[in-house]
Amino acid sequence: MKVRILPDYDALSETAAAIVAERLREKPSAVLLLPTGTTPLGMYRRLVGLHRSGDLSFARATFFNLDEYFGLPPEHPASYHVYMRENFYALIDADPARVHVPRGDAPDPKAACRRYEAAIRGAGGIDLCVLGIGRNGHIGFNEPGAPFGSRTRVVRLAESTRRVNAADFEADRAPEQAITVGLATICEAREVLLLASGANKAGAVAAAVEGEVAESVPASVLRRHPKGTFLLDEDAGSDLGSGVAD
Ligand code: PGA
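Residues numbered from 1 in each chain as written. Predicted model: local features only at pLDDT ≥ 70, side-chain atom pairs only at ≥ 80, totals over all residues. Heavy atoms only, no water.

Examining the packing of helix α1 (residues 9-26) against helix α2 (residues 41-52)
The N-to-C vectors of α1 and α2 enclose an angle of 50°; their axes lie 8 Å apart at closest approach. When the axis of α1 is compared with that of α2, the two are oblique. Crossing of α1 over α2 shows right-handed handedness. Residue-level contacts link Tyr-9, Asp-10, Ser-13, Glu-14, Ala-16, Ala-17, Val-20 and Ala-21 of α1 to Leu-41, Gly-42, Met-43, Arg-46, Leu-47 and Leu-50 of α2. Across the contact of α1 with α2, the residue classes tally to 9 nonpolar, 2 polar and 3 charged. (Axes fitted to C-alpha atoms, helices over the stretch in contact; angles between N-to-C directions. Helix = DSSP H or I, 4+ residues; strand = E, 2+ residues; numbered from the N terminus. Parallel < 35°, antiparallel > 145°, perpendicular 65-115°, else oblique. Left-handed = near helix turned anticlockwise from the far one by under 90°. Contact = heavy atoms within 4.5 Å. Nonpolar A, V, L, I, M, F, W, Y, C, P; charged D, E, K, R; others polar.)

Structural notes on the sheet that holds strand β4 (residues 67-69)
The strand order β4-β8-β7 describes an open sheet built from 3 strands, whose pairing is antiparallel. Strands with a single pairing partner mark the edges of an open sheet, and in this sheet they are β4 and β7 (153-156). Pairs of neighbouring strands in the sheet enclose a mean axial angle of 30°, with direction left out of account. Two elements, β4 and strand β8 (residues 177-180), share 3 bridges in a ladder whose sense is antiparallel. Note that in β8 the partner of Tyr-69 across the bridge is Ala-178. (Pairing = 2+ DSSP bridges.)

Considerations on the pattern of salt bridges
Under the counting rule described, the total for this entry stands at 15 salt bridges. One network of salt bridges, in which partners are shared, links Glu-22, Arg-23, Glu-26, Glu-191 and Lys-227. (Salt bridge = Lys/Arg side-chain N within 4 Å of Asp/Glu carboxyl O.)

Things to note about the nonpolar core
Generally speaking, soluble globular proteins have nonpolar side chains that are buried together. Counting 41 residues, the largest nonpolar core has Leu-34, Met-43, Leu-47, Phe-63 and Phe-88 as its most contacted members. Listing elements by their share of this core, those giving two or more residues are α1, β2 (31-34), α2, α3 (80-87), β6 (128-131) and β9 (191-196). A per-element tally of this core places α1 first, with 7 residues. If near-sequence neighbours (up to four positions away) are discounted, Leu-34 is found in contact with Tyr-44, Phe-63, Phe-64, Asn-65, Leu-66, Met-84, Phe-88, Tyr-89 and Val-130. Val-31, Ile-133, Ala-206 and Val-209 belong to the second largest nonpolar core, which has 35 residues in total. (Core = buried A, V, L, I, M, F, W, Y, C linked by side-chain atoms within 4.5 Å. Buried < 20%, exposed > 50% of the residue type's maximum accessible area, 1.4 Å probe, protein only.)

Observations regarding the packing of aromatic side chains
Taken as a whole and judged by the stated rule, the model has 13 aromatic pairs. Ring geometry for Phe-58 and Phe-88: centres 5.4 Å apart, planes at 85°, overall edge-to-face. In this pair, Phe-58 is assigned in the loop between α2 and β3 (62-65) and Phe-88 in the loop between α3 and β5 (99-100), connecting sequence segments 30 residues apart. As far as the burial class goes, Phe-58 and Phe-88 line up, both buried. Relative to Phe-141, the ring of Tyr-69 lies with its centre 5.5 Å away and its plane at 45°, an arrangement referred to as tilted. (Phe/Tyr/Trp six-rings, centres within 6.5 Å; stacked < 30°, edge-to-face > 60°.)

Below you can see the structure in the form of structure tokens.
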């Protein structure tokens, strides 16, 4: 696992977009597993810019998303379906037949989770997974305690996560559950890029990079990944000691 520290959020977003663009140029049919949240917005904006200037096509790529709130239909304004459409998929030349976001309102969630895993396998596995990190060390919605062997499933959200995300929902009540791709599925990606920006991520980043590899810190599982990179801005890296892992 590598750690790269960029000066600020703009540099972080630029570097993340450049890595995604490079992988797509090497392999236009690449399979991507993508995050939502505040952190990746700068990366998405730059990727859309590259597409608009004619420098990058996504037409042959396949997209999977990491997670969705349980119970939300795809048109709910706080759903990750809407987030992804508005910030990325509707702004590029993605083939809708190859865009996959877990359905929060699937009538048989267990079967839908199994189909999602099967679709990832059917696409040939994930080439590049881009992730954010929660203040509690979660990746996707794999909260502390999530098994390293986990697959796509319905999970209960940590209260701290619900508080952080509450403002997106009426009466400040975030859903209690979500569907998330599991840690084993994330770790099977051929490359993983975790993005973290801001001092409120510094503790989680230090625990993941320098603490024990343990299920209490889901992002620490990436230490075992042969091609995993923590891409940080200086604030997110500010709790790291001098012994940064490489
Ligand atoms: P954020 O979310 O980018 O909005 O901070 C990251 C996460 O919770 O995974």
